[in-house]
Amino acid sequence: MSLGLFARLGITLSLVLSLAMLILGAVLIIDAEQRFKTSQLKHANSQSRTLAEASLDALVTADYELLERWVVSVIPEKYYAYAYLAKSNGQVLTHSDNIMVARYLDAMGELENYKVRENTYHNRPVMEVFYPARIGDTHLANAVVAYYLDEETFFDGGIAIKITLLILLSLLSLLGVTLVIIRKFTDPISRLTGSIRDTSIDNKHFHIDDKLLNSWGEVGVLSRAFESMIKRLFDAFKELSHKEEELKKKVEERTSELAGANKELQAFCSAVSHDLRSPLRAISSFSQIVVEEYGDKFDDEGMDYLNRIHNSATKMEVLINDMLQLSRVSRQELELEEVDLSLIAEEILQRLTYLEPDRKVELNIENGIVCYGDRGLLIIVMENIIGNAWKYSSKKDVAKIQFGQKQQKDGCTFYIKDNGAGFDMKHISKLFEEFKRLHGEAEFPGTGVGLATVGRVISRLKGKIWVDAEVGKGATFYVTLPKAGL
Amino acid sequence: MLLCQKRACNGYQNAGEKMKHFILLVEDNPDDEALTLRAFKKNNILNEIAVVRDGQEALDFLFCEGAYAERDKKSNPQIILLDINLPKLDGLEVLRQLRANESTSIIPAIIITTSDEQSDLISGYKLGANSYVRKPIEFDAFMDAIKQLGMYWLVLNQHPDN
């Protein structure tokens with residue numbers, strides 16, 4: 001509604017008042033008309049009676065001249081059409097219109113009293129009023145006076161105009177007063193509406209007139225209720241933004257703490273990377289040099305001990321590398337993209353084949369397996385799982401390694417299957433734990449960190465990993481990664 | 001006023017003499033230094049090797065300042081083997097200053113380091129290293145690496161004379 005309350009009320013009331021006034025005016029005019037008609041009739045009645053009684057003497061004496069004069073004199077007003085006297089059989093004795101004398105008009109018989117009849121005269125409607133001229137019981141004649149029904153004198157009288165003007169004036173003044181009154185009532189509502197509309201929570205601006213707040217009635221109640229409601233809202237908002245500020249600060253604190261912790265960890269790893277490796281190199285290298293340069297001076301036991309020193313150093317390097325990788329995997333920021341896992345599998349297997357060209361391995365790599373994730377981390381996963389498949393199938397004459405995709409609705413699933421040593425499924429809980437191994441060092445070398453790293457990567461990528469294995473027959477590792485956008 | 005390690009330079013100590021085709025080794029770890037020198041020897045790489053122990057010493061040597069003020073300015077090493085983790089100034093800083101200076105800007109610099117941090121790798125190349133090699137733990141692998149380095153940088157690779 002684009003019109004305000006005042007406008008709507010004003011228009012409605014104006015229409016109602018106008019309608020009422022119109023009806024009143026019409027009623028008045030009709031009433032006036034009726035009255036006029038009645039008075040006309042009454043006048044005609046008296047005229048016809050006058051004619052009847054005045055004509056009695058002349059009728060008896062048959063004084064037609066006198067009768068003629070009477071008939072003419074009785075119709076003074078413009079709207080009278082004619083007057084005549086006629087016998088009971090309708091024979092016209094005398095008529096204001098000379099032509100009609102001695103003619104026969106409608107026989108009205110011997111009337112006892114007034115009779116009123118409509119007729120036409122020169123194509124105009126007339127009202128005829130009959131009155132009997134009687135002396136005692138003797139009926140002499142009927143006196144008739146006729147007046148025009150369609151005479152416009154009513155409006156000549158100007159009564160209609162007067163009434164209309166009066167009505168209009170009343171209407172206008174009533175309207176004026178009404179509009180003023182309703183304005184008085186709608187004004188507070190409009191002002192309250194305006195205040196409410198101007199209330200802006202963002203700018204914390206709201207103002208309601210004291211006059212409104214103190215007023216009686218519904219507007220007052222509304223104003224006060226609104227004011228208290230807005231006040232409470234503003235307070236609540238202030239509280240909320242305050243809490244928001246606090247929360248933001250806390251989050252910032254936590255984030256910087258975390259960033260700090262992460263940085264420390266990074267520095268630590270960097271230090272490990274350098275500082276542990278240097279003495280390690282010394283141990284490994286010098287023990288080897290001793291073997292090379294002075295090996296002939298040692299007996300078998302001595303050589304054995306030297307070799308153990310050397311091997312431990314080597315193992316330690318592998319362990320350091322694996323542990324650094326494990327830690328890096330948790331810290332690194334993810335860069336997610338579509339990654340072609342088939343290509344990665346091929347590269348890894350190519351490298352492994354190059355390093356051990358004498359092994360007989362049957363490879364079955366499905367092409368075009370593409371999943372969504374962090375490329376670097378997925379390479380680590382593939383290296384570890386495929387590396388394991390390669391390692392644990394080394395004792396078989398012909399190792400079989402398969403890389404393929406499993407169709408699944410919600411995610412990208414691939415598997416790596418080998419026909420190697422496998423393991424007992426009842427130990428599966430240890431599989432992804434750090435440093436836990438299901439085979440001895442002598443059987444298959446390893447640090448026990450590889451699958452722990454894989455487990456961490458998968459959980460970071462919000463994927464799933466599970467295994468199916470049988471001792472002596474091999475193992476199949478399944479990995480599911482969520483599709484992009486999930 | 002030592003110009004370089006006695007052992008490595010075969011007794012060379014004189015300021016005025018030109019040392020052609022010598023290698024500058026910037027290494028703080030005495031074990032690694034010993035291993036590197038042994039690796040060169042075992043691979044029959046007979047170039048003279050000058051050793052400096054920290055970043056500042058490296059720059060002093062190259063720019064003939066401080067303790068090396070008397071060194072012949074025109075005599076630059078054929079290659080520089082640079083570790084990253086050094087006391088005083090680290091290897092990357094040495095590299096930066098090396099490349100900034102006209103007289104030393106084109107000396108091939110090979111970073112040999114334990115670090116496998118990507119950031120070090122990227123910084124090394126950005127600052128103008130010619131090569132980046134990780135020090136292997138295994139001495140065999142180290143020997144092999146030195147052999148390949150020697151073959152490439154001292155024999156195969158072409159470089160303008162000083």
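Structure first, text after, so check above.
The structure contained in this document is the topic of the report that follows. By convention here, each chain's residues receive numbers from 1 onward along its written sequence. Both sets of labels track the order of writing: A upward for chains, 1 upward for ligands. With pLDDT at 70 or above as the cut-off, local features in this predicted model cover only qualifying residues; side-chain atom pairs require 80 or more to be listed or tallied, and sums for whole chains, interfaces and linings still use all residues. Side-chain numbers come from the whole structure's heavy atoms, not from hydrogens or water.

## Some details on the layout of surface pockets
The following threshold applies: Of the grid points, spaced at 1 Å and generated over the protein atoms alone, those admitting a 1.4 Å probe that cannot get out make up cavities, while open sets with protein on both sides within 12 Å along at least five of seven lines make up pockets; any residue with an atom within 4 Å of a point is treated as lining. Grid points are joined across faces, edges and corners, and a volume is the space filled by probe spheres set on the points. Labels follow the DSSP assignment, with helices taken as runs of H or I lasting at least four residues and strands as runs of E lasting at least two, numbered in each case from the N terminus. Residues are grouped as follows: Ala, Val, Leu, Ile, Met, Phe, Trp, Tyr, Cys and Pro are nonpolar; Asp, Glu, Lys and Arg are charged; all remaining types, including Gly, are polar.
Estimated volume of the second largest pocket: approximately 410 Å³. What lines the second largest pocket is A:N262, A:Q266, A:R328, A:R331, A:Q332, A:E333, B:D116, B:E117, B:Q118 and B:S119. Every element with two or more residues in the lining of the second largest pocket is listed here: α6 (217–294) and α7 (300–331) of chain A together with α5 (118–126) of chain B. Of the residues that constitute the lining of the second largest pocket, the class distribution is no nonpolar, 5 polar and 5 charged.

## Observations regarding the sheet that holds strand β3 (residues 79–82) of chain B
Pairing between sheet strands relies on hydrogen bonds along the backbone, with the strands arranged either parallel or antiparallel. Residues and elements named next belong to chain B. Threshold: When DSSP finds at least two bridges between two strands, those strands are taken to pair. Helix axes use the C-alpha atoms of the stretch in contact, all axes being lines fitted to C-alpha atoms, and the angles between their N-to-C directions lie in the range 0 to 180 degrees.
If you walk across this open sheet you meet the 5 strands as β2-β1-β3-β4-β5, and the pairing is parallel. Edge positions in the sheet fall to β2 (49–52) and β5 (131–134), since each has one partner strand and no second. Looking at each pair of strands side by side, their axes are set apart by 20° on average, direction ignored. Direction of pairing for strand β1 (residues 23–26) relative to β2: parallel, over a ladder of 4 bridges. Considered in β2, the bridge of V26 is made with V52.

## Things to note about the side chain of B:N76
Residues and elements named next belong to chain B. Put simply, the rule reads: The buried label goes to any residue with under 20% of its type's maximum accessible area, the exposed label to any with over 50%, and the partly exposed label to all in between, with areas taken from a 1.4 Å probe on protein chains only. What qualifies as a polar contact is a pair of N or O atoms within 3.5 Å, subject to a donor-acceptor requirement within protein and to the restriction that residues adjacent in sequence count only when both atoms come from side chains.
Looking at where N76 falls in the secondary structure, it is placed in the loop between α3 (55–63) and β3. What makes N76 buried here is its relative accessible area of 9%. At a separation of 3.0 Å, a polar atom in the side chain of N76 contacts the main-chain carbonyl oxygen of S103.

## Considering the interface of chain A and chain B
Here is the rule we go by: We call two residues in contact whenever any of their non-hydrogen atoms come within 4.5 Å of each other. Note: buried area is the sum, over both parts, of the accessible area (probe 1.4 Å) each one loses when the two are combined. Whenever a carboxyl oxygen of Asp or Glu lies within 4 Å of a side-chain nitrogen of Lys or Arg, that contact is scored as a salt bridge.
Across the boundary between the two partners, chain A contributes 19 residues, which contact 21 residues of chain B. Taken together, both faces of the contact between chain A and chain B bury some 1,900 Å²; the carbon and sulfur share is 46%. Here chain A and chain B share 4 salt bridges between them. As a salt-bridge pair, A:E293 and B:R38 come within 2.6 Å of each other at their nearest N and O atoms. Where chain A meets chain B, there are 7 residue pairs in polar contact (both at pLDDT 80 or more). Elements that contribute at least two residues to the side of chain A that touches chain B include exactly α6 and α7 of chain A. Ranked by residues supplied to the side of chain A that touches chain B, first place goes to α6(A) with 15 residues. In terms of residue class, the side of chain A that touches chain B is built from 4 nonpolar, 9 polar and 6 charged.

## Some details on the pattern of salt bridges
Across all of its chains, the model carries 25 salt bridges over all chains by this definition. The salt bridge involving A:R191 is made with A:D187; its shortest N-O contact spans 3.9 Å. Pair noted here: A:R191 and A:D187 are both in helix α4 (residues 159–198), with a separation of 4 residues, about one helical turn. Classification of A:R191 as partly exposed rests on a relative accessible area of 27%. Judged by relative accessible area, which is 29%, A:D187 ranks as partly exposed. Note that B:E93 is salt-bridged to B:R96, the shortest N-O span being 2.5 Å. Taken together, the residues span about one helical turn, with B:E93 and B:R96 both in helix α4 (residues 91–100) at a distance of 3 residues. What makes B:E93 partly exposed here is its relative accessible area of 23%. Each member of the salt-bridge network shares a partner with another, and the members are A:R281, B:E27, B:D32, B:D83 and B:K135.

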